[in-house]
Amino acid sequence: MKPPHLTILPLTLDDVDALVALDNAVFEPEAREDREVYEDRLTLYPEGCFQLLYDKKLIGYIASEIWDAVHDMPLNRKASVYHNPKGRIVMVSAFGILPVFQNKGMGTFLFSRFMDIMRARGFHSVILRPASKAIPLYTRLGFKKIGQGEDHIERYDIMEAAL
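Residues numbered from 1 in each chain as written. Predicted model: local features only at pLDDT ≥ 70, side-chain atom pairs only at ≥ 80, totals over all residues. Heavy atoms only, no water.

**Here's the deal with the confidence of the model for the protein chain**
- Of all residues in the protein chain, 98% attain a pLDDT of 70 or more, and the chain-wide mean is 93.
- Looking over the protein chain, one finds the lowest element-wise mean pLDDT in helix H4 (residues 135-140), namely 93, and the highest in strand S5 (residues 125-128), namely 98. (pLDDT = per-residue confidence, 0-100. Helix = DSSP H or I, 4+ residues; strand = E, 2+ residues; numbered from the N terminus.)

See below:
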């Protein structure tokens, strides 16, 4: 059931300024991504990028790309590095909810609808690099750890959910 006052809409290049501001509010400086990275994602696979609005205000977003295999997942990587429109794996490259709206079901609502959309499009699975504090959410959504990676910031888990 849709919580009252919530709307999911596609993200567009016109939303980049608001998206970067939201990213800055959600993540620590070392985990934030550059404007050019979001522009690349919205240009390559706009159909996989959505915004969550509460009373017409941006409170969350999800961005994805299509892969043909699991790769490393460094932060601040352009989608053009691995995106393959013929792939069957959806890689969630960014997902965030404003802190004041976290732990209120907003992230679950957005992510569940996103997975429904990707399932309807015929993709096989969704993979992601979870923030540590979000692992319980992803576990509830059916994700399981399938590997680990490492970049200049940290070692990280790689999780996957079948669609």
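**A look at helix H2 (residues 35-44)**
- All of the buried residues along H2 are Val-37, Tyr-38, Asp-40, Arg-41 and Leu-42.
- Along its buried surface, H2 packs onto helix H1 (16-26), strand S3 (57-67) and strand S4 (89-97). (Buried < 20%, exposed > 50% of the residue type's maximum accessible area, 1.4 Å probe, protein only. Contact = heavy atoms within 4.5 Å.)

**Let's talk about the environment of Asp-68**
- Structurally, the position occupied by Asp-68 is in the loop between S3 and S4.
- We classify Asp-68 as partly exposed; its relative accessible area is 48%.
- Through-space distance from the C-alpha of Asp-68 to that of Val-100 is 36 Å; in sequence the pair is 32 residues apart.
- The residues contacting Asp-68, other than those within four sequence positions of it, are Asn-84, Gly-87 and Ile-89.
- Among the polar contacts made by the side chain of Asp-68, one reaches the side chain of Asn-84 at a distance of 3.1 Å. (Polar contact = N/O pair within 3.5 Å; in protein donor to acceptor, adjacent residues only side chain to side chain.)

**Description of the sheet that holds strand S2 (residues 50-54)**
- Read from one edge of the open sheet, seven strands run S1-S2-S3-S4-S5-S7-S6, paired in mixed fashion. What marks the edges here is a single partner per strand, and that holds for strand S1 (6-10) and strand S6 (144-150). Neighbour-to-neighbour, the strand axes of the sheet open up by a mean angle of 25°, direction not taken into account.
- The pairing of S2 with S3 spans five bridges and is classified as antiparallel. Residue pairing in the sheet places Tyr-54 in a bridge with Lys-57 of S3.
- Its contacts with the sheet place helix H3 (residues 106-120) against S1, S2, S3, S4, S5 and strand S7 (155-162), and it is angled at close to 160° to S4. (Pairing = 2+ DSSP bridges. Axes fitted to C-alpha atoms, helices over the stretch in contact; angles between N-to-C directions.)

**Comments concerning unusual backbone geometry**
- Of note in the backbone geometry, Lys-56 takes a positive phi value of approximately 70° without being a glycine.
- In this fold, Lys-56 is placed in the loop between S2 and S3.
- Classification of Lys-56 as exposed rests on a relative accessible area of 81%.
- The backbone of Asn-103 sits at a positive phi, close to 60°, despite the residue not being glycine.
- The residue Asn-103 is located in the loop between S4 and H3 in this model.

**Quick word on the pattern of salt bridges**
- Here the structure, examined in full by the defined rule, presents eight salt bridges.
- A salt bridge links Arg-35 to Asp-17, with the shortest nitrogen-to-oxygen separation between them at 2.3 Å. With Arg-35 in helix H2 and Asp-17 in helix H1, this pair connects stretches of sequence that are 18 residues apart.
- Owing to a relative accessible area of 54%, Asp-17 belongs among the exposed residues under this scheme.
- Notably, a salt bridge pairs Arg-41 with Glu-33, separated by 2.8 Å at the nearest N-O pair.
- Look at Arg-41 and you get buried, because its relative accessible area is 2%.
- We classify Glu-33 as buried; its relative accessible area is 7%.
- Via salt bridges that share partners, Asp-17, Arg-35 and Glu-39 belong to a single interconnected network. (Salt bridge = Lys/Arg side-chain N within 4 Å of Asp/Glu carboxyl O.)

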